[in-house]
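Below, each chain spelled out in residue letters.
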Amino acid sequence: MLQRIFFLLLLFTSNALQAQDERYFRQIFSGDLPKIGGPSFSNVLMTVNGSNYRIDLNRDGIEEILQPQKRDGVDWIEIRNSSQNKIFEAKLFAMGGASTLYKIRLVDISKKATALLLFVDEGITKGKRFESAARLYVLAFENNDLTKISLTQGPHFFHEKEGQRDMYWRRDYNVNLYDMDNDGIKEIAVQYNHIQRIMKYKGSGAWDRF
């Protein structure tokens, strides 16, 4: 009797997992997986919460809570207020396993615009070759209004790669802020030797890239 119950449970679980995998692969090929900054899944099966970051984003003396999450293996960022109410969420792109948010930095872009820099390790891919990368994401808002936060994916600031024929290279970029054109708005500069990638804030969550 116990063996029969165990067999039925195993059969039910296997069918459920197979159906879940089929739905996931259909989403991949149809392009229905959530994009950066898109709405969250309504049918998330598993959420793993990372360590909380507590930071006063709008300088009102009350800290907000920023928490990285993995929802069914997909990286997300969630921000809650002091009452634990969610005020923002967005999806992050990651290229490999063990991706993680490991550093944040709050900066003033202009007199009215604020940015939170997210330093995200995208994880490691291993197959025929090894590759590891870290990318910058930027949360921006204006006039300390946390109801209008926007998320923008920035450039890589670290890239390590093993290529063909035992080729290997590693680039570790510096991330700095400068007002390059003296217009009162600081640009985000990601630099490695003579390579320079610039993000310039246009307002309302939009950025130009150079």
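Please read these numbers as outputs of a predicted model, since none were measured by experiment.

Turning our attention to the sheet that holds strand S14 (residues 206-209). The strand order across the open sheet formed by four strands is S11-S12-S13-S14, and the pairing between neighbours is antiparallel. Every interior strand has two partners, whereas the edge strands, strand S11 (174-178) and S14, have only one. Looking at each pair of strands side by side, their axes are set apart by 25° on average, direction ignored. Relative to strand S12 (residues 187-192), S11 runs antiparallel, the two sharing five bridges. Within S12, the position partnered with Tyr178 by the bridge is Glu187.

With that settled, consider the pairing of strand S13 (residues 195-203). Inspection of the sheet shows S12 paired to S13 by five bridges, in the antiparallel sense. In the strand pairing of S13, Tyr192 is matched with Ile195. The antiparallel pairing of S12 with S13 creates a hairpin that spans two residues between the two strands, and Asn193 there sits at a positive phi of about 50°. Relative to S14, S13 is paired through four bridges, and the arrangement is antiparallel. When the bridges of S14 are listed, Lys200 appears paired with Asp208. The turn joining S13 and S14, which pair antiparallel and follow one another in sequence, is formed by two residues; a positive phi near 55° is taken by Ser204.

Calculation rules
- Residues numbered from 1 in each chain as written.
- Predicted model: local features only at pLDDT ≥ 70, side-chain atom pairs only at ≥ 80, totals over all residues.
- Heavy atoms only, no water.
- Pairing = 2+ DSSP bridges.
- Helix = DSSP H or I, 4+ residues; strand = E, 2+ residues; numbered from the N terminus.
- Axes fitted to C-alpha atoms, helices over the stretch in contact; angles between N-to-C directions.

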